[in-house]
Amino acid sequence: GAGVSQSPSNKVTEKGKDVELRCDPISGHTALYWYRQSLGQGLEFLIYFQGNSAPDKSGLPSDRFSAERTGGSVSTLTIQRTQQEDSAVYLCASSLRPFMNTEAFFGQGTRLTVV
Amino acid sequence: AQSVTQLGSHVSVSEGALVLLRCNYSSSVPPYLFWYVQYPNQGLQLLLKYTSAATLVKGINGFEAEFKKSETSFHLTKPSAHMSDAAEYFCAVSAFTGGGNKLTFGTGTQLKVEL
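Residues numbered from 1 in each chain as written. Chains lettered and ligands numbered in written order. Predicted model: local features only at pLDDT ≥ 70, side-chain atom pairs only at ≥ 80, totals over all residues. Heavy atoms only, no water.

**Student:** Please clarify how the overall build of chain B should be interpreted in this entry.
**Tutor:** Regarding its fold elements, chain B presents 0 helices and 11 strands. Each helix (α) and strand (β) of chain B, taken in turn from the N terminus, gives the series β-β-β-β-β-β-β-β-β-β-β. Against the 2.2 N^0.38 benchmark of 13 Å for 115 residues, chain B shows a C-alpha radius of gyration of 14 Å, consistent with a compact globule. Its C-alpha atoms put chain B at 45 × 30 × 20 Å along the principal axes. Scored against the burial criterion, the 115 residues of chain B give a buried share of 46%. Long-range pairs, those at least 24 residues apart, make up 56% of the contacts in chain B with a sequence separation of at least 6. Of the accessible surface of chain B, which amounts to about 5,400 Å², a share of 53% is contributed by carbon and sulfur atoms. Between the averaged position of the 8 positive side-chain charges in chain B and that of its 7 negative side-chain charges there is a distance of 8 Å. (Helix = DSSP H or I, 4+ residues; strand = E, 2+ residues; numbered from the N terminus. Rg over C-alpha atoms; globule rule 2.2 N^0.38 Å. Buried < 20%, exposed > 50% of the residue type's maximum accessible area, 1.4 Å probe, protein only. Contact = heavy atoms within 4.5 Å. Areas by Shrake-Rupley, 256 points an atom, 1.4 Å probe, with all protein chains shown as cover. Lys, Arg positive; Asp, Glu negative; His and termini not counted. Charge placed at Lys NZ, Arg CZ, Asp CG, Glu CD.)

And the structure:
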């Protein structure tokens, strides 16, 4: 596709369940980012991939959060044993090159609700 | 480490009036600065970016921003607001980390345009 695609667009899960969020970046983009957007909190950086490796995982809130990227393309963000405070919109972005002035393109996000 | 501060979580202007959204940054190295806009239920879209080529940057939809190093500011302006400008606006700073451009966002400013 032409843009960054995220699935599902909405996810409602019960507290304690595991969830997987998927991101398909723009073809050829080597850098991929995950952010979390909570009401009134702005965008919180979670993790950054360059190819399949993650040089910066500093934003992952706890060990319940993990992410992987395969084939330099699709990425999956996994949240284990979900808690209500995990409810947020999870945004994925990709950029062509890992340089500082390169535009990042964002997907429309996955809205996660933990009940 | 880098950070941005957006003054005013909500700004309201009349249609046709000047739009001014404030952003101050902190960076230990020369920064790259961005403004993104998020329309309801959509992903983030790049408005404009500063990459040291010119201090006055023009973006889409009539927006512009001026980089002022002495004030560590990158305020976003538009001479005449339109109803379609109602959205949330995010200022972001990019700096080198682990080989790539990690974007650090402000908490956002919700712009309301009134008749």
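What follows picks up the thread again.
**Student:** When you look at the packing of aromatic side chains in this model, what are you seeing that I'm missing?
**Tutor:** Inspection of the entire model under this criterion finds 13 aromatic pairs over all chains. Ring plane angle 20° and centroid distance 5.3 Å describe the contact between Tyr-33 of chain A and Tyr-48 of chain A, whose orientation is recorded as stacked. In this pair, Tyr-33 of chain A sits in strand 4 (residues 31–38) while Tyr-48 of chain A sits in strand 5 (residues 42–50), placing the two residues 15 residues apart along the sequence. Pair check on accessibility: Tyr-33 of chain A and Tyr-48 of chain A agree, each one buried. Plain terms: the ring middles of Tyr-50 of chain B and Phe-67 of chain B are 4.1 Å apart, the flat faces sit at 15° to each other, and that makes the pair stacked. A residue pair is termed long-range when its members are at least 10 positions apart, and Tyr-50 of chain B in strand 5 (residues 44–50) and Phe-67 of chain B in strand 7 (residues 64–68) qualify at 17 residues. The two residues Tyr-50 of chain B and Phe-67 of chain B agree in class, both being buried. Pairwise contacts between aromatic rings join Tyr-35, Phe-45 and Phe-106 of chain A together with Phe-34, Tyr-36, Phe-90 and Phe-105 of chain B into one cluster. (Phe/Tyr/Trp six-rings, centres within 6.5 Å; stacked < 30°, edge-to-face > 60°.)

**Student:** Got a minute to help me understand the state of the cysteines in this structure?
**Tutor:** A covalent bond between the sulfur atoms of two cysteines is what we call a disulfide. What the rule picks out here adds up to 2 disulfides over all chains. Each sulfur in the disulfide pair Cys-23 of chain A and Cys-92 of chain A lies 1.9 Å from the other. Of note, the bridge from Cys-23 of chain A to Cys-92 of chain A carries an S-S torsion of about -65° and is left-handed in sense. Within this pair, whereas Cys-23 of chain A is found in strand 3 (residues 19–24), its partner Cys-92 of chain A is found in strand 9 (residues 88–95), the two being separated by 69 residues in sequence. Accessibility expressed as a relative area gives 0% for Cys-23 of chain A, which makes it buried. Its relative accessible area of 0% is what places Cys-92 of chain A among the buried residues. Note that Cys-23 of chain B is cross-linked by a disulfide to Cys-91 of chain B, the S-S spacing being 2.0 Å. Looking down the S-S bond of the Cys-23 of chain B and Cys-91 of chain B bridge, the torsion is -65°, so its handedness is left-handed. Here Cys-23 of chain B is found in strand 3 (residues 19–26), whereas its partner Cys-91 of chain B is found in strand 9 (residues 87–97), with 68 residues between them in sequence. As far as burial versus exposure is concerned, Cys-23 of chain B and Cys-91 of chain B are alike and both buried. (Disulfide = S-S within 2.5 Å.)

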